[in-house]
Amino acid sequence: EAQVTQNPRYLITVTGKKLTVTCSQNMNHEYMSWYRQDPGLGLRQIYYSMNVEVTDKGDVPEGYKVSRKEKRNFPLILESPSPNQTSLYFCASRTNRGTLSYEQYFGPGTRLTVT
Amino acid sequence: RKEVEQDPGPFNVPEGATVAFNCTYSNSASQSFFWYRQDCRKEPKLLMSVYSSGNEDGRFTAQLNRASQYISLLIRDSKLSDSATYLCVVNDDYGQNFVFGPGTRLSVLP
């Protein structure tokens, strides 16, 4: 089954404790992206990757890191989480091939609470 | 000014009603446009892409007006299962950065 998986689905942590949220896709997609969703603000892009070893900042990259060592994986790293990073996080992937009307496939989301 | 704006909602409509959602975007270089649907606490899923000529998929019709930088979604004969938040999404001219609107929540009532 074609899918994007994220782990963990729920996480409660404390300020300053480094954490990683994993994202993996099995569709051989070149493009992967991370978003956060907050009430009233919608989804905002954190980082994206056009392909292996190619990453770029989205609209809200501060406090986050990513890496793309393999095509299928795109982990999101919070080196020193703070309460303002409490949010619902989504990973997404899509192909870079074909027309511009690409469908993004989203993971199920990770709900992060930083106390 | 937000890059993508949508009707604030929520929209509460009876079954069978026709409902229209509006979206405006600020980047005139935007190339691709989409409507996504998001159920409560779930991930967004593509509802339909929006083409310059307009497109229809069953009860759903999407329109794009590039001159006015405006996108619309029309749902006819609404069903209870249409209850969700509808997200307007715009892709920049390089196809890399997707910008989501804040969404409009729809509740279809029996």
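Refer to the preceding data block for the structure.
Attention now moves to the interface of chain B and chain A. Many descriptions give the size of an interface as the accessible area lost when the pieces come together. Between chain B and chain A, the contact holds 23 residues from the first and 21 residues from the second. Here chain B meets chain A over a buried area of about 1800 Å², counting both sides, of which 51% is carbon and sulfur. Contact with chain A buries surface across chain B, with Gln 96, Phe 98 and Phe 100 of chain B losing the most and accounting together for 29% of the total. Joining chain B to chain A, the criterion identifies 0 salt bridges. At the surface where chain B touches chain A, the tally comes to 2 residue pairs in polar contact (both at pLDDT 80 or more). At 4 residues, strand β4 (residues 32–38) of chain B tops the list of elements feeding residues into the side of chain B that touches chain A.

Turning our attention to the layout of surface pockets. By volume, the largest pocket is sized at about 460 Å³. The wall of the largest pocket is formed by 20 residues, among which Gln 37 of chain A together with Gln 38, Cys 40, Arg 41 and Thr 85 of chain B lie closest to the centre. Among the secondary structure elements, those contributing two or more residues to the lining of the largest pocket are β4 (31–38) and β9 (87–94) of chain A together with β9 (84–91) of chain B. Broken down by element, the residue count for the lining of the largest pocket peaks at 3 residues, all from β9 of chain B. Its residues assigned to classes, the lining of the largest pocket comprises 7 nonpolar, 7 polar and 6 charged. Taken as a whole, the second largest pocket spans an internal volume of roughly 260 Å³. In terms of lining, the second largest pocket is formed by 15 residues, of which the most central are Ala 2, Tyr 105 and Phe 106 of chain A together with Glu 43 and Lys 45 of chain B.

Further remarks concern the packing of aromatic side chains. Within the structure shown, the criterion is met by 14 aromatic pairs over all chains. Relative to Phe 33 of chain B, the ring of Tyr 25 of chain B has its centre 4.9 Å away and its plane inclined at 45 degrees; by these criteria the two rings are tilted. Here Tyr 25 of chain B and Phe 33 of chain B have matching classes, each one buried. On the basis of an interplanar angle of 65 degrees and a centroid distance of 6.4 Å, the ring pair of Phe 34 of chain B and Tyr 36 of chain B is categorised as edge-to-face. Taken individually, Phe 34 of chain B and Tyr 36 of chain B each receive the classification buried, so the pair is uniform in this respect. Three or more aromatic residues joined by ring pairs form one cluster here, namely Tyr 31, Tyr 35, Tyr 48, Phe 90 and Phe 106 of chain A together with Phe 34, Tyr 36, Phe 98 and Phe 100 of chain B. When the ring centre of Tyr 31 of chain A is taken as reference, the NZ or CZ atom of Arg 94 of chain A above it lies at 4.0 Å.

All right, on to the state of the cysteines then. In this structure the tally under the stated criterion is 2 disulfides over all chains. Note on cysteine connectivity: Cys 23 of chain A is disulfide-linked to Cys 91 of chain A, with sulfurs 1.8 Å apart. The sign of the -75 degrees torsion about the S-S bond sets the Cys 23 of chain A-Cys 91 of chain A disulfide as left-handed. Remark: Cys 91 of chain A occurs in strand β9 and Cys 23 of chain A occurs in strand β3 (residues 19–25); sequence separation between them is 68 residues. Neither Cys 23 of chain A nor Cys 91 of chain A differs from the other in exposure class; each is buried. Disulfide pairing places Cys 23 of chain B opposite Cys 88 of chain B at an S-S distance of 2.0 Å. Of note, the bridge from Cys 23 of chain B to Cys 88 of chain B carries an S-S torsion of about -75 degrees and is left-handed in sense. On the criterion of sequence distance, the pair formed by Cys 23 of chain B in strand β3 (residues 19–25) and Cys 88 of chain B in strand β9 is long-range, its members being 65 residues apart. Residues Cys 23 of chain B and Cys 88 of chain B agree in their burial class; the two are buried.

Here is what the cut-offs are and how they apply
- Here the residue numbers are simple positions, counted from 1 along each chain's written sequence.
- As a convention, the first chain written is A and the first ligand written is 1, with the rest following in written order.
- Owing to the predicted nature of the model, reporting of local features is limited to residues with pLDDT of at least 70; listing and counting of side-chain atom pairs is limited to 80 or more, with chain, interface and lining totals taken over all residues.
- Side-chain measures here rest on the full set of heavy atoms in the structure, leaving out hydrogens and waters.
- Contacts: residue pairs with any heavy atoms within 4.5 Å of one another.
- Buried area is calculated as the accessible area (1.4 Å probe) missing from two parts once they are joined, with the contributions of both summed.
- One side-chain nitrogen of Lys or Arg within 4 Å of one carboxyl oxygen of Asp or Glu is enough to make a salt bridge.
- In protein, a polar contact means a hydrogen-donor-capable atom and an acceptor-capable atom, both N or O and within 3.5 Å, with residues adjacent in sequence counting only if both atoms are side-chain atoms; elsewhere, any N or O pair within 3.5 Å suffices.
- Strands are runs of DSSP state E lasting at least two residues, helices are runs of H or I lasting at least four, and both sets are numbered from the N terminus onward.
- Here a cavity is any set of points on a 1 Å grid over the protein atoms alone where a 1.4 Å probe fits but cannot get out, and a pocket is any open set with protein on both sides within 12 Å along at least 5 of 7 lines; a residue lines the site when it has an atom within 4 Å of a point.
- Grid points are joined across faces, edges and corners, and a volume is the space filled by probe spheres set on the points.
- Put simply, Ala, Val, Leu, Ile, Met, Phe, Trp, Tyr, Cys and Pro go in the nonpolar bin, Asp, Glu, Lys and Arg in the charged bin, and everything else, Gly too, in the polar bin.
- By convention, a stacked pair of Phe, Tyr or Trp rings (six-membered ring in the case of Trp) has centres within 6.5 Å and planes under 30 degrees apart, an edge-to-face pair has planes over 60 apart, and any other such pair is tilted.
- Under the scheme applied here, a residue whose accessible area is under 20% of the maximum for its type counts as buried, over 50% as exposed, and between as partly exposed, the area being computed with a 1.4 Å probe on protein chains only.
- Only when the NZ of Lys or the CZ of Arg is both within 6 Å of the ring centre and within 35 degrees of the ring normal is a charge said to sit over the ring.
- Note on disulfides: each one is a pair of cysteine sulfur atoms within 2.5 Å.

Fair warning: the whole summary comes from geometry, so function is off the table for now.
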